[in-house]
Amino acid sequence: MANSTFTEEEKAAMKEAAAERRTAAKRGSGSKEAEADLADCLEKIEAMDDNDCAIGETLHRIVTTHAADLAPKIWYGMPAYANAVAPARRSPATKEPK
């Protein structure tokens with residue numbers, strides 16, 4: 001049977017993801033959260049090595065120019081982009097009958 005323990009790299013990634021969730025929970029919502037997410041994303045891009053940094057900056061510029069509805073986030077320690085506004089949810093009472 002294979003060893004089911006996590007590698008040190010996996011443990012570090014899980015700790016970083018947990019720290020990101022704690023930080024996000026403390027930010028609340030609105031423009032302050034968006035500004036902090038943008039700053040975190042740009043910080044992660046700047047921390048990359050030269051080639052990856054250039055790619056990240058170009059990708060960031062493309063996304064922010066052509067997909068303004070996407071907001072920068074940090075997911076699992078890497079810059080990412082997601083819907084800035086969550087889609088509206090339908091309540092159970094408004095479901096269509098079968």
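Everything below is about the structure printed above this text.
A brief report on the enclosed structure follows. (Residues numbered from 1 in each chain as written. Predicted model: local features only at pLDDT ≥ 70, side-chain atom pairs only at ≥ 80, totals over all residues. Heavy atoms only, no water.)

### Some details on the packing of helix H2 (residues 31-46) against helix H3 (residues 50-66)
Argument step 1. Closest axis-to-axis distance for the H2/H3 pair is 8 Å, and the angle between their directions is 150°. Between H2 and H3, the crossing angle belongs to the class labelled roughly antiparallel. In this structure, H2 uses Leu 38, Cys 41, Leu 42, Ile 45 and Glu 46 to contact H3, whose residues at the interface are Cys 53, Gly 56, Glu 57 and His 60. (Axes fitted to C-alpha atoms, helices over the stretch in contact; angles between N-to-C directions. Helix = DSSP H or I, 4+ residues; strand = E, 2+ residues; numbered from the N terminus. Parallel < 35°, antiparallel > 145°, perpendicular 65-115°, else oblique. Contact = heavy atoms within 4.5 Å.)

### Here's the deal with the nonpolar core
Argument step 1. Core analysis: the biggest nonpolar cluster contains 7 residues, these being Cys 41, Ile 45, Cys 53, Val 63, Ala 67, Ile 74 and Tyr 81.
Argument step 2. Looking at this core, the elements with two or more residues in it are H2 and H3.
Argument step 3. Dropping the residues within four chain positions of it, Ile 74 is found in contact with Glu 20, Asp 40, Cys 41, Lys 44 and Pro 79. (Core = buried A, V, L, I, M, F, W, Y, C linked by side-chain atoms within 4.5 Å. Buried < 20%, exposed > 50% of the residue type's maximum accessible area, 1.4 Å probe, protein only.)

### Digging into the side chain of His 60
Argument step 1. As for its position among the elements, His 60 is in helix H3.
Argument step 2. Other than its neighbours up to four places away in sequence, His 60 contacts Leu 38, Cys 41, Leu 42, Ile 45 and Tyr 81.

### Focus on H3
Given 3.6 residues per turn, any residue in an α-helix points the same way as the ones three and four places further on.
Argument step 1. The end-to-end C-alpha distance of H3, which contains 17 residues, comes to 24 Å, matching closely the 24 Å that a straight helix rising 1.5 Å per residue would cover.
Argument step 2. Those residues of H3 that sit buried are Cys 53, Gly 56, His 60 and Val 63. Across the axial projection of H3, the buried residues extend over an arc of 100°, all falling on one side. Relative to its buried face, H3 has exposed residues pointing more than 90 degrees away, namely Asp 50, Asn 51, Ile 55, Arg 61, Thr 65 and His 66. (Expected span 1.5 Å × (residues − 1). Arc of directions from axis to C-beta.)

### What to know about the pattern of salt bridges
Argument step 1. Overall, the coordinates contain 3 salt bridges when judged by the stated rule.
Argument step 2. For Glu 8, the salt bridge is made with Lys 11, and the minimal N-O distance between the two is 3.6 Å. Of this pair, Glu 8 and Lys 11 are both found in helix H1 (residues 8-27), 3 residues apart, which corresponds to roughly one turn of the helix.
Argument step 3. Taking the relative accessible area as the measure of exposure, Glu 8 reaches 60% and is therefore exposed.
Argument step 4. Taking relative accessible area as the criterion, Lys 11 reaches 35% and is therefore assigned partly exposed.
Argument step 5. Glu 16 is paired through a salt bridge with Lys 44; the nearest N and O atoms lie 2.8 Å apart. On the criterion of sequence distance, the pair formed by Glu 16 in helix H1 and Lys 44 in helix H2 is long-range, its members being 28 residues apart. (Salt bridge = Lys/Arg side-chain N within 4 Å of Asp/Glu carboxyl O.)

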